[in-house]
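Each chain is listed here by its residues.
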Amino acid sequence: MIKRVRVAVAGVGNNTSALVQGIAFYRHTGSLVGLRRPTIEGLGVGDIEFVAAFATSEEKVGRDLTEAIFMVPNNFPRLGGDLPKADVPVTRGLVDATEVDRVAAALAGAEVLLYAAPSGRPETARAYAEAACRAGVAFINTTSDPVARDPKWIERYEAAGLPLVGDDLASQFGTSVVHDTLLRLLAERGLTLVSSYQVNLGGTEDFRNLAENANTKKQSKLNALSGAGKVELAPLGYLPHLGSQKVAHLNVEAQGWGETAVSLDVKLKVHDPSGAAGVNIDLIRFAASALREGRGGYLAEASALLKSPPGTAV
Ligand SMILES: NC(=O)c1ccc[n+]([C@@H]2O[C@H](COP(=O)([O-])OP(=O)(O)OC[C@H]3O[C@@H](n4cnc5c(N)ncnc54)[C@H](O)[C@@H]3O)[C@@H](O)[C@H]2O)c1
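Not measured: the values here are computed from a predicted model.

Visitor: Any chance you could explain the overall build of the protein here in plain terms?
Guide: Tallying secondary structure elements over the protein gives 9 helices and 14 strands in all. Over its C-alpha trace the protein gives a radius of gyration of 19 Å, about what one expects of a compact globule, namely 20 Å for 314 residues. Its C-alpha atoms give the protein principal-axis dimensions of about 65 × 45 × 40 Å. Scored against the burial criterion, the 314 residues of the protein give a buried share of 48%.

See the structure below:
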């Protein structure tokens, strides 16, 4: 029988809610809808067990993970069906590097730490990466803050024989993958890109945070796109009434045969945390499989699921 992957999460926000609920949903229903990889190295979507969770909000600390995921400002909806208690009390996360040892101790028994705190706090990301490394745990950085793009961290994880995955997940069917696919198609069909933009609107806490503090996110979003130099990103817009839905508008202006104009507009509407969970479930299984095989350092197989793998701009 396959041994379930023991996962710790830092950040009990919408993405963790979608992940925790989704795993229970797939385990219970046996559905394959919305899954890119039903198994990875023999590990099914249900073969994940949460063993620790870190948060900073007073309301979430001390609660069971399966209760904390429904507390405001989280607004990802209930997926329905039974959600058995995880028996994982949420513990206080670290806010600065002085607490690394406490968090490392709390990671005992975990195989993978999924870092899902807000983007735009590079020091916090590095402190969790340090805690995971000290605890002998694989680290996945789902935020746009640079960790795996820093050669020092790759060397650290290589030397420790631990997998490192990052940076910034590319949603399963989000703005980045759809936009990049359109830009690649244009080039493949021999058209010339003139200009392009994307507008992202959303009602999650992630959008609220990024609308105020998009520092590392903007570069990371550009890293995910071909056509560099001709693509503009409008500032992220926070519209609370959208809830966990994200609305993106993509525009591409190009020239075809005889320099005649070609124009394309796309509207995409998705639940943003679902797009993250659909990728995080694969990143976790890649990291756990590599750890179990004794492969450390950056995991190349994860690159296609990330916006800013090593080598991209910081
Ligand atoms: N499709 C997507 O949703 C998507 C795509 C790419 C990247 N991301 C990134 O994934 C991350 C998580 O997204 P989300 O929508 O769940 O965000 P969120 O804001 O809903 O959740 C983050 C949680 O982390 C908590 N937190 C803050 N500081 C912390 C700390 N020091 N330790 C532990 N917890 C802390 C916050 O209180 C919050 O509950 C963000 O960085 C986001 O930019 C999301």
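After that view of the structure, there is still more to cover.
Visitor: How do you make sense of the domain arrangement of the protein when you look at a structure like this?
Guide: Buried accessible area, meaning the area lost when the parts come together, often serves as the stated size of an interface. Splitting the protein by domain gives domain 1 (5-170 + 274-305) and domain 2 (175-271). Using only C-alpha atoms to locate each centre, domain 1 and domain 2 end up separated by 27 Å. Taken together, the 18 residues of domain 1 in the interface contact 18 residues of domain 2. When its residues are assigned to classes, the side of domain 1 that touches domain 2 shows 7 nonpolar, 8 polar and 3 charged.

Visitor: Help me understand the site of the ligand in this model?
Guide: Taken together, 34 residues sit near the ligand, with Gly11, Gly13, Asn15, Gly93 and Asp206 positioned nearest. Secondary structure elements with two or more residues in the shell around the ligand: α1 (14-29), β4 (48-55), α7 (205-212) and α9 (272-293). Per-element tally for the shell around the ligand: the top contributor is α9, with 4 residues. Along the lines of polarity and charge, the residues of the shell around the ligand split into 12 nonpolar, 18 polar and 4 charged. Two domains each donate at least three residues to the shell around the ligand, and these are domain 1 (5-170 + 274-305) and domain 2 (175-271).

Visitor: Please clarify how the sheet that holds strand β7 (residues 138-141) should be interpreted in this entry.
Guide: Hydrogen bonds between backbone groups are what pair the strands of a sheet, and the pairing can be parallel or antiparallel. Taking strand neighbours across the sheet as the criterion, the 7 strands line up as β5-β4-β1-β6-β7-β8-β14 in an open arrangement whose pairing is parallel. The two strands at the open ends of the sheet, each matched to only one other strand, are β5 (90-92) and β14 (297-298). Bridge count between strand β6 (residues 112-115) and β7: 4 bridges; the pairing is parallel. Residue pairing across strands places Leu114 opposite Ile140, the latter belonging to β7.

Visitor: What am I meant to see in unusual backbone geometry here?
Guide: Peptide bonds are, in most cases, trans, and in most cases residues other than glycine have a negative phi. In this model, Val72 is joined to Pro73 through a cis peptide bond whose omega is 10 degrees. For Pro73, the location among the structural elements is in the loop between α2 (65-68) and β5. Omega for the bond connecting Gly166 with Asp167 falls within 30 degrees of zero, at 5 degrees, which places this linkage in the cis form. Tracing the chain through its elements places Asp167 in the loop between β8 (163-165) and α6 (175-188). Of note, Asp87 is a non-glycine position whose phi angle comes to about 55 degrees, a positive value. Here Asp87 is to be found in the loop between α2 and β5. Note on Asp87: 10 C-beta atoms within 10 Å, which makes it exposed. Located in the positive-phi region is Glu259, a residue other than glycine, with phi close to 65 degrees. As for its position among the elements, Glu259 is in the loop between β12 (245-255) and β13 (261-271).

About the cut-offs
Residues numbered from 1 in each chain as written. Predicted model: local features only at pLDDT ≥ 70, side-chain atom pairs only at ≥ 80, totals over all residues. Helix = DSSP H or I, 4+ residues; strand = E, 2+ residues; numbered from the N terminus. Rg over C-alpha atoms; globule rule 2.2 N^0.38 Å. Buried ≥ 20, exposed ≤ 12 C-beta atoms within 10 Å, placed from the backbone. Domains from an automatic or database assignment. Contact = placed C-beta atoms within 7 Å. Nonpolar A, V, L, I, M, F, W, Y, C, P; charged D, E, K, R; others polar. Near = placed C-beta within 6 Å. Pairing = 2+ DSSP bridges.

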